[in-house]
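# Architecture at a glance
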Amino acid sequence: MAMFKTLRELLKHPKKDLCMCMVVSEQEGAEIWMNGEQTAVVTPRLVAIPKNEDVKIQVRMIGHEPHEALVRSSHNLSYYYCNLERIPLRLVRDEIDYCATV
């Protein structure tokens with residue numbers, strides 16, 4: 001996974017043929033994971049991915065189910081959008097843990 005602060009920095013990076021992918025989720029501020037590694041960025045964000053290679057992108061947010069997809073692009077710019085499903089809350093009543101004593 002390659003991260004770049006500016007387009008100029010991306011263009012100077014000769015190792016792989018890269019393209020840009022705009023990762024967007026309906027819920028802004030979701031963490032972006034690439035190939036199982038956490039990135040330091042959140043949605044919406046433009047990230048660099050290798051051209052013509054599968055990249056596993058996972059979008060995670062507290063209180064929501066993670067969304068995962070394989071992204072492959074042969075274009076210079078691609079777009080990935082997802083809508084995270086909310087985890088249903090369960091009310092718990094009359095359940096007290098008596099093992100913990102003060």
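Please refer to the structure higher up on the page.
So, here's what we can say about the structure. (Residues numbered from 1 in each chain as written. Predicted model: local features only at pLDDT ≥ 70, side-chain atom pairs only at ≥ 80, totals over all residues. Heavy atoms only, no water.)

## Overview of the sheet that holds strand β4 (residues 45-50)
Adjacent strands of a sheet form backbone hydrogen bonds with each other and so pair up, either parallel or antiparallel. The sheet built from three strands is open, its strands ordered β4-β1-β7 with mixed pairing. With one partner strand each, in any of the chains shown, β4 and β7 (77-82) form the two edges of the open sheet. Across the sheet, the mean angle separating the axes of adjacent strands is 30° when strand polarity is ignored. Taken together, the six bridges between strand β1 (residues 18-25) and β7 define a ladder with parallel strand orientation. Residue pairing for β7: valine 24 is matched across the bridge by tyrosine 81. (Pairing = 2+ DSSP bridges. Helix = DSSP H or I, 4+ residues; strand = E, 2+ residues; numbered from the N terminus. Axes fitted to C-alpha atoms, helices over the stretch in contact; angles between N-to-C directions.)

## Section: the pairing of strand β6 (residues 67-71)
Pairing analysis gives five bridges linking strand β5 (residues 55-60) to β6, with the strands arranged antiparallel. Pairing of lysine 56 across the sheet is with leucine 70, part of β6. Connecting β5 to the antiparallel partner β6 that follows it, the hairpin turn spans six residues, and glycine 63 within it adopts a positive phi of roughly 85°.

## Some points on the sheet that holds strand β3 (residues 37-42)
Overall, antiparallel pairing links the four strands, which are arranged β3-β2-β5-β6 in an open sheet. Every other strand in the sheet has two partners, leaving β3 and β6 as the edge strands with one partner each. Shown here is a sheet whose adjacent strand axes are inclined to one another by a mean of 25°, direction ignored. Taken together, the four bridges between strand β2 (residues 31-34) and β5 define a ladder with antiparallel strand orientation.

## A short note on the pattern of salt bridges
In this structure the tally under the stated criterion is one salt bridge. Of the charged contacts in the structure, one is a salt bridge between arginine 72 and aspartate 54, with a shortest N-O distance of 3.0 Å. Remark: aspartate 54 occurs in the loop between β4 and β5 and arginine 72 occurs in the loop between β6 and β7; sequence separation between them is 18 residues. (Salt bridge = Lys/Arg side-chain N within 4 Å of Asp/Glu carboxyl O.)

## Quick word on the packing of aromatic side chains
Working definition: an aromatic ring pair is given by the centre-to-centre distance plus the angle between the planes. All chains considered together, the criterion is met by zero aromatic pairs. One residue, arginine 60, lies across the ring of tryptophan 33, its end atom 3.7 Å from the ring centre. (Phe/Tyr/Trp six-rings, centres within 6.5 Å; stacked < 30°, edge-to-face > 60°. Lys NZ or Arg CZ within 6 Å of the ring centre and 35° of its normal.)

## Quick word on the pairing of β3
Two elements, β2 and β3, share three bridges in a ladder whose sense is antiparallel. Residue pairing for β3: methionine 34 is matched across the bridge by glutamate 37. Hairpin connection of β2 to β3: two residues between the antiparallel strands, including asparagine 35 at a positive phi of 50°.

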